[in-house]
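Now for the letters of each chain:
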Amino acid sequence: LSVSARTVRTEDGEFAGAALAYTDVTDFMRALQVKDEFVALVSHELRTPLTSIVGYVQLLEEDDTMPPHAVEQLRVVHRNAERLRRLIGDLLDTAQRDGSPMPITRTQADLAGIVVDSVEAARPVADSAGIDLVLSSPERLPVRMDAQRIAQVVDNLVSNAIKYTEPGGRVTVQLGTDLDWVEIQVADTGIGIAPDDCERLFTRFFRTEDAARRAVAGAGLGLSITKDIVESHGGRIDVDSAVGQGSVFRVRMPR
Ligand code: ADP
């Protein structure tokens, strides 16, 4: 049941009682559940053939007998198939959990290595967009965490910073630590985010009007999943931003 309540007052504003409305929302909740199950099922079915496509494209890319122009085209297929795979993964993550906490499996891993790998994987995209990508990180930083999920956090923040920054801009990734905490900071000189939007950034499917208008590809799921992963690690994420000047995303987690 969904309940809404409001006070009832006389004409001169005196309290005269309260009205309660009870609505049976069983059908609505059932429809929501069916929708999530459907999205989870479809995403799962899409993932299997895509994994095979990525595998074979990779094999062809590494084939020495391939002419260079074909390898270039295969790289484009590969990049787009990876994008599709990430989107399907995000949809699956969102539908499967239905508001419950993100399950994580912690092992000891090197956070510095994860950040370096993520930045280097993004470098070709930054280069082709004319964006200067700068990294500052200690050599090694062992942390108990879900390495795959934390890699997803860094990938999301770095790829957003590149996506929402104009050519000629700069993206700076910094990894820092003190005794109890680690901090990953991703700063860009991009389009920025209005103060009202900053609060809604981490909700599912939210995209700023600016991002949608510029036709930058995205589903608005990355940051909501990013926040869930960070919070499952006992950490927090926040953002400082100014429209037209850039944004700074900061993740803090216990070591
Ligand atoms: P997506 O990028 O796929 O749309 P996200 O959940 O990662 O989804 O981000 C949600 C929205 O937040 C984006 O659509 C964009 O409007 C805004 N945003 C995220 N990162 C940045 C950034 N670095 N600079 C400006 N806007 C950003």
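The protein is annotated in an unreviewed UniProt entry as histidine kinase from Nocardioides hankookensis.

Draft legend 1. Main features of the site of the ligand. In the vicinity of the ligand, 21 residues are found, and the nearest of them are N160, Y164, R207, T208 and L223. One nitrogen or oxygen atom from the side chain of R207 is found 2.6 Å from an oxygen atom belonging to the ligand. Between the ligand and G220 there is a distance of 3.2 Å, counted from an oxygen atom to a backbone nitrogen or oxygen. For the ligand, whose free accessible area comes to 530 Å², the fraction covered by protein is 97%. Mapped by element, the contributors of at least two residues to the shell around the ligand are helix 4 (147-163), helix 7 (222-232) and strand 9 (246-254). Ranked by residue count, the leading element in the shell around the ligand is helix 4, at three residues. Classifying every residue of the shell around the ligand gives 11 nonpolar, seven polar and three charged.

Draft legend 2. Region of the structure containing the nonpolar core. One finds L111, L133 and F249 to be the most contacted residues of the largest nonpolar core, which totals 42 residues. Elements with a minimum of two residues in this core: helix 3 (111-128), strand 5 (142-145), helix 4, strand 6 (170-177), strand 7 (181-188), helix 7, strand 8 (236-242) and strand 9. Excluding residues within four positions of it along the chain, L133 makes contact with V119, A122, R123, A126, V158, I162, V171 and V173.

Draft legend 3. Structural view of the pattern of salt bridges. Applying the stated criterion across every chain yields a total of 14 salt bridges. As a salt-bridge pair, D238 and R236 come within 3.4 Å of each other at their nearest N and O atoms. Looking at D238, the relative accessible area reads 28%, which means it is partly exposed. In this structure R236 comes out as exposed when scored by relative accessible area, which is 52%. Shared partners join several salt bridges into a network, and the residues in it are R236, D238, D240 and R250.

Draft legend 4. Summary view of the confidence of the model for the protein. In this model, the protein carries a mean pLDDT of 91, and residues with pLDDT of at least 70 account for 99%. Predicted as a complex, the structure gets a pTM of 0.80 and an ipTM equal to 0.98.

The rules behind the values
- Residues numbered from 1 in each chain as written.
- Predicted model: local features only at pLDDT ≥ 70, side-chain atom pairs only at ≥ 80, totals over all residues.
- Heavy atoms only, no water.
- Near = heavy atom within 4 Å.
- Polar contact = N/O pair within 3.5 Å; in protein donor to acceptor, adjacent residues only side chain to side chain.
- Areas by Shrake-Rupley, 256 points an atom, 1.4 Å probe, with all protein chains shown as cover.
- Helix = DSSP H or I, 4+ residues; strand = E, 2+ residues; numbered from the N terminus.
- Nonpolar A, V, L, I, M, F, W, Y, C, P; charged D, E, K, R; others polar.
- Core = buried A, V, L, I, M, F, W, Y, C linked by side-chain atoms within 4.5 Å.
- Buried < 20%, exposed > 50% of the residue type's maximum accessible area, 1.4 Å probe, protein only.
- Contact = heavy atoms within 4.5 Å.
- Salt bridge = Lys/Arg side-chain N within 4 Å of Asp/Glu carboxyl O.
- pLDDT = per-residue confidence, 0-100.

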